[in-house]
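# Inside the fold
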Amino acid sequence: MKKRIVVVGNGMVGHKFIDNLVNHADADQYKVITFSEEPRLAYDRVQLSKYFSGSTAEDLALTNADYYNEKSVEFILKDKVIDLDFDNKEVITASGRREGYDKLILATGSFPFVPPIPGNNGEHCLVYRTIEDLEAITNSAKQSKVGVVVGGGLLGLEAAAALKAAGLETHVVEFAPRLMAVQLDEGGGKLLRRKIEAIGVKVHTQKATNEIVAGTELRYRMNFADGSHLETDMILFSAGIRPQDELARKCGIQLGERGGIVVDNNCQTNIDNVYAIGECALWNNRIYGLVAPGYQMAKVAVSHITGGSDQFMGADMSTKLKLLGVDVASIGDAHGTTPGSLSYTYSNDVDEVYKRMIVSADNKKLLGAVLVGDVEAYGTLQQMCVNGMDLPEDPNCLILPNVEGGSGMAIGVDALPEAAMICSCYDVSKGAICCSVQNGARTMGDIKALTKASTGCGGCTALTKQVMDSELKKLGVEVSNHICEHFPHSRQELADIVRIKQIKTFDELLDGHGHGLGCDICKPAVGSILAAFWNEYVLDKKHIGLQDTNDIFLGNMQKDGTYSIVPRVAGGEITPDKLIVLGQVAKQYKLYTKITGGQRIDLFGAQLHQLPAIWKVLVEAGFETGHAYGKSLRTVKSCVGSTWCRYGVLDSVGMAITLENRYKGVRAPHKIKFGVSGCTRECAEAQSKDFGVIATETGWSLYVCGNGGMRPRHADLFATGLDDVTLIKYIDRVMMFYIRTGDRLQRTSVWLENMEGGLDYLKKVVIDDKLSICAELEAQMAYNISQYQCEWKTTVENDELQKRFKHFINTDATDSNLAYVVEREQIRPATALERNNTNIQFVELVD
Amino acid sequence: MSEKPWISVCEFDDLIPDTGVCALVNNQQVAIFRSRRLNEIFAVSNYDPIGEANVLSRGIIGSIGDEVVVASPLYKEHYNLRTGECLEKPEYNVAVYPVRIDDGLVQVQA
Ligand code: SRM
Ligand SMILES: Cc1cc2nc3c(=O)[nH]c(=O)nc-3n(C[C@H](O)[C@H](O)[C@H](O)COP(=O)(O)OP(=O)(O)OC[C@H]3O[C@@H](n4cnc5c(N)ncnc54)[C@H](O)[C@@H]3O)c2cc1C
Ligand code: SF4
Ligand code: FES
């Protein structure tokens, strides 16, 4: 008969245990039954916060009913195990169910600790542990303006991020004198606090809450021991976790002094055939509040049950996270509690970086570290620490910023032992990654699929990739940066070929250097390279087939196949007459009109055949194309500057217009945006742009390689005190260097981040002319600028070119699939539901 | 079943190499592409079943492995120009129409 294995709790660790067991070679000897108090099977609690950014319960699921059915795992949801009968070897549930076991696994996890404060049970007093908790938080946030998180630890800050993202004024109330007291030392906590406050989360440390009462302005009022108080609409308790040991306590299983089910190295409790794993288990008087140690316990328990010899010997508690956008890492003995230990500290208030290393008394081994603001060294330090590797000759170099660029100090993955744990979420060693490379893995995607490494918290991604790349190199496999299957070259190589061989067409390049027909990856990329160097009319017959969706008809395609029209409004400055023309055109063609995020006006819903007629009017009124479709200069955002603003130091509008007119039409690997602010108040948000220019008393400051969008990045200060001529010279050089060396669809931010030597190197190239190419870069830019033409002007002046702008080649009919309704006095595309509703009157289209 | 008639839609020279046009044939929108390298023309439905809009004629054509494809301009799925099958999501496909050049004219059966 099969042995019955009952698993109480189907959380992350309970599931891991089951998954390991049912995939074990002897799986068929066991029958698994699992109970969960929650209404769903195991999900990824570590990624719980993603629920707020759109992940669904399904996305977070670690398993599903089909999988359990396939593996014959019996699961009972929403039924709590409330009693254990050791004599009859049975578990008893709240619903009265009894289930016999041969081996019993307690994987009951932990619960959030809610401090015993009077008034802590209000309707909007919540915790952060399950999907249901998150649903309650979302609901409460909708009815709240201000939120308080009680607890400034790791989870508390994650919760604060969620409240902040929900648009609430967010406060963190912490009892201890600093944030993340468990992981960080004083210096680290201080800097973290400063950074978090800078993004608008208010931090209150050393506050003990005495009571929660009804508020006068907001829903609640928290009264603190020091006499102060705080009003809020909702309260999230995140004051630590407690092992869920209620069941064990009731049944007399041995617990630790402060709770937790005591287990030995086999994860066995003091009762025969009963194991405890995960956050409910206390090993060596320690609870592990992280998932990786829990997974190791799951592995050990499976091993013990199936006759293996794995032992749990403790786990590394190092963590690296991004909290509220701040990079934080803690490794090993972060507080330096080891007797005789010494420390190295690097603290930089200007760049907001704090790093501290704890080393052994003999200065030979790394014991721990705290990193805030710059965690690049995490991989190196963590591996050095857990593997007991010797410190380098001068340990300083591990935390000091590299003056000479490059990460010369990285230990290099080759130095790591095979057994080094690379991904602690999924327990993947360096050896396992190398092994999957030997078995054919070639990309990070392959590695993830084969080993699961880097699919958990993501903290190990860089290290995993380094291990993979190094192994690939050893196998003699070239790490491919080919743009696509048609060219065995990177974008940069193609750009060099085009420039040096003076290639003018895609066909020429494909004939000489590629094969096949090309595709939607290489064609637009080459189109952009050709345009970047020769700047010919992009709709010339020989280039037309290369243009991406938007460029091919010089407008941005909308969801229904119509286009938007974005004329250039350099620097955001526009005359009343021109505004009127835009209004008239929009009215005539019934276009939806909107101010864009780039200080200009977008007209939506133009049909293909209408584009030339509309642009004819616009061109006649003095407008030019805004290249909203191009991988090229988009907008130069300006603030009003010294001409009007009482604080303005220099003419920011004038400079913005000069820059926009200088670089308009210049094609690049990706779009380029500028901002010019007239003083350091920075109303043009220049530091979030590819090129940011800010006026100061001593001249212009130039910032480079900022980004908004999906992964915002502040631009780096490149040079200060510049006059107009030098400013433009530097921008010319940086931009052309980017055009030459950037990867396909790589914004300047990522380009700089990937540049060996980083900002310092870029400065050397551009300011010191280290590569002696500056004259060439400037000449190239000058040529490019001299070739500028407004593509729409060229198009509307040539009847032949307009022929393509027709929906049908054989009739003047138009696309019958378009349907619009009116909303807020303008048109918008009808929804699928509206389309199927025969009662709806659609807007009559203009021919 | 009687064969559908060949309908002339434009002159061969109206097709700019390596681009597409759309023709209205028997009330159906047909996307027609010309590959210069293959010296061949292709005709498929103009309707992108994933983006749900009549846009395929405005996509980029090329090859993936041995297949000749067009990439939808909306969300960039690839459709095989010979079979109509969507490479990324084989559960979707577009109609393929017979197309030929006759005396300098592009003709379609649809
Ligand atoms: C119209 C506009 C939104 C609006 O209604 O305000 C807009 C609309 C689009 N944006 Fe944007 N973005 C607009 C300002 C922005 C801004 C704000 C800004 O420029 O100050 C940003 C963040 C700043 C930045 O780029 O760093 C922005 C970040 C993006 C991104 C993310 C880029 C990134 O590096 O992460 C994309 C996607 C991409 O380019 O791959 C994108 C892509 C798009 C596309 C092209 C999506 C598409 O392929 O259809 C949209 C084209 C709509 C159209 O038909 O015009 N849009 N987009 C804004 C046009 C500004 C203009 O006048 O040209
Ligand atoms: C917001 C958040 C972020 C986190 N981030 C990280 C991170 O970045 N890195 C990291 O390593 N860890 C992180 N953790 C911790 C990690 O989620 C836990 O370590 C892990 O979930 C522990 O797994 P477990 O199976 O022991 O407990 P759980 O996942 O809590 O599972 C226990 C399950 O048992 C059920 N249960 C309890 N008692 C009974 C009973 N009597 N009968 C039936 N069912 C019962 C519970 O309802 C629960 O479903 C985070 C946790 C949270 C909440
Ligand atoms: S944010 Fe998204 S939806 Fe809005 S305009 Fe930009 S791309 Fe379109
Ligand atoms: S360490 Fe978390 S994903 Fe690898």
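What comes next concerns the included structure. Each residue is numbered by its place in its chain's sequence as written, counting from 1. Labels follow written order: the first chain is A, the first ligand is 1, and so on. Reporting in this predicted model follows two pLDDT cut-offs: at least 70 for local features of residues, and 80 or more for side-chain atom pairs to be given and counted; totals over whole chains, interfaces and linings ignore these cut-offs and use all residues. Side-chain numbers come from the whole structure's heavy atoms, not from hydrogens or water.

Turning to the side chain of R740(A), a few remarks are in order. When you line up the elements, R740(A) lands in helix 20 (residues 724–741). Other than its neighbours up to four places away in sequence, R740(A) contacts R491(A), Q492(A), A495(A), R499(A), F533(A), E776(A), L777(A) and Q780(A). Runs of E in the DSSP output that reach at least two residues are strands. Runs of H or I that reach at least four are helices, and both are numbered from the N terminus. Only heavy atoms matter for contacts: two residues are in contact if any of them lie within 4.5 Å across the pair.

Moving on, we get to the interface of chain A and chain B. With 38 residues of chain A at the contact, the number on the chain B side is 35 residues. A quick way to say it: buried area is the sum, across both parts, of accessible area lost when two parts are put together, with a 1.4 Å probe. Approximately 2,800 Å² of surface area, both sides summed, lies buried where chain A meets chain B, with 55% of it carried by carbon and sulfur atoms. Of all residues in chain A, the largest losses of buried area upon contact with chain B belong to L517(A), D520(A) and I809(A), amounting jointly to 23% of the total for that side. When a carboxyl oxygen of Asp or Glu is within 4 Å of a side-chain nitrogen of Lys or Arg, the pair counts as a salt bridge. Where chain A touches chain B, the interface holds four salt bridges. A salt bridge links R37(B) to D507(A), with the nearest nitrogen and oxygen atoms 3.4 Å apart.

Next up on the list: the sheet that holds strand 34 (residues 672–677) of chain A. Residue and element names in this part refer to chain A. Should DSSP find at least two bridges between two strands, the strands are taken to pair. Across the sheet, five strands lie side by side as 33-34-35-36-37; this open sheet has mixed pairing. A strand with exactly one partner marks an edge of an open sheet, and here the two such strands are strand 33 (633–638) and strand 37 (716–722). Going across the sheet, the axis of each strand differs from the next one's by a mean of 15°, ignoring polarity. By the bridge criterion, six bridges tie strand 35 (residues 691–696) to strand 36 (residues 699–704) in an arrangement that is antiparallel. Its bridge partner lying in strand 36, I694 is registered against S701. Each of strand 34, strand 35, strand 36 and strand 37 is contacted by helix 20, which is oriented at about 150° to strand 37, the strand it contacts most. Each axis is a line fitted through C-alpha atoms, taken for helices only over the stretch in contact, and angles between the N-to-C directions span 0 to 180 degrees. The strands touched by helix 22 (residues 758–766) are strand 36 and strand 37; relative to strand 37, the strand with the most contacts, the crossing angle is about 35°.

Residues and elements named next belong to chain A. Surveying the vicinity of ligand 2 reveals 28 residues, the closest of which are V13, E38, R129, E279 and V291. Pairs of N or O atoms are called polar contacts if they sit within 3.5 Å, as long as, within protein, a hydrogen donor faces a hydrogen acceptor (for residues adjacent in sequence, only side-chain-to-side-chain pairs). E37 is positioned such that a nitrogen or oxygen atom in its backbone is 3.1 Å from a nitrogen atom of ligand 2. Within the side chain of E279, a nitrogen or oxygen atom sits 2.6 Å from an oxygen atom of ligand 2. Protein chains bury 94% of the 1,000 Å² of accessible surface belonging to ligand 2 in isolation. Counting only elements with at least two residues in the shell around ligand 2, the list comes to helix 1 (12–22) and helix 5 (154–165). Whether a residue is near a molecule or strand depends on its heavy atoms: it is near if one of them lies within 4 Å of it. In these tables, accessible area is a Shrake-Rupley quantity obtained with a 1.4 Å probe, and a residue counts as shielded only by the protein chains included in the view.

Once that is clear, we can look at unusual backbone geometry. Residue and element names in this part refer to chain A. Non-glycine residue N284 carries a positive phi angle of around 55°. Checked against the element boundaries, N284 lands in the loop between strand 20 (281–283) and strand 21 (286–287). Here E682, not a glycine, exhibits a phi torsion of approximately 65°, which is positive. Position of E682 relative to the elements: it lies in the loop between strand 34 and strand 35. Buried residues are those whose accessible area, probed at 1.4 Å on protein chains only, stays under 20% of the maximum for their type, while exposed residues exceed 50% and partly exposed ones sit between those limits. The class for E682 is buried, based on a relative accessible area of 11%.

Bringing the environment of Y97(B) into the picture now. Residue and element names in this part refer to chain B. Examined against the element boundaries, Y97 turns out to sit in the loop between strand 9 (78–80) and strand 10 (99–102). It is 6.1 Å that separates the C-alpha atoms of Y97 and Q109, two residues lying twelve residues apart in sequence. Apart from residues no more than four positions distant in its own chain, Y97 is found in contact with Q28, V30, A43, V44, S45, V108, Q109 and A110. Among the polar contacts listed, one links the side chain of Y97 to the side chain of Q28, at a separation of 2.9 Å.

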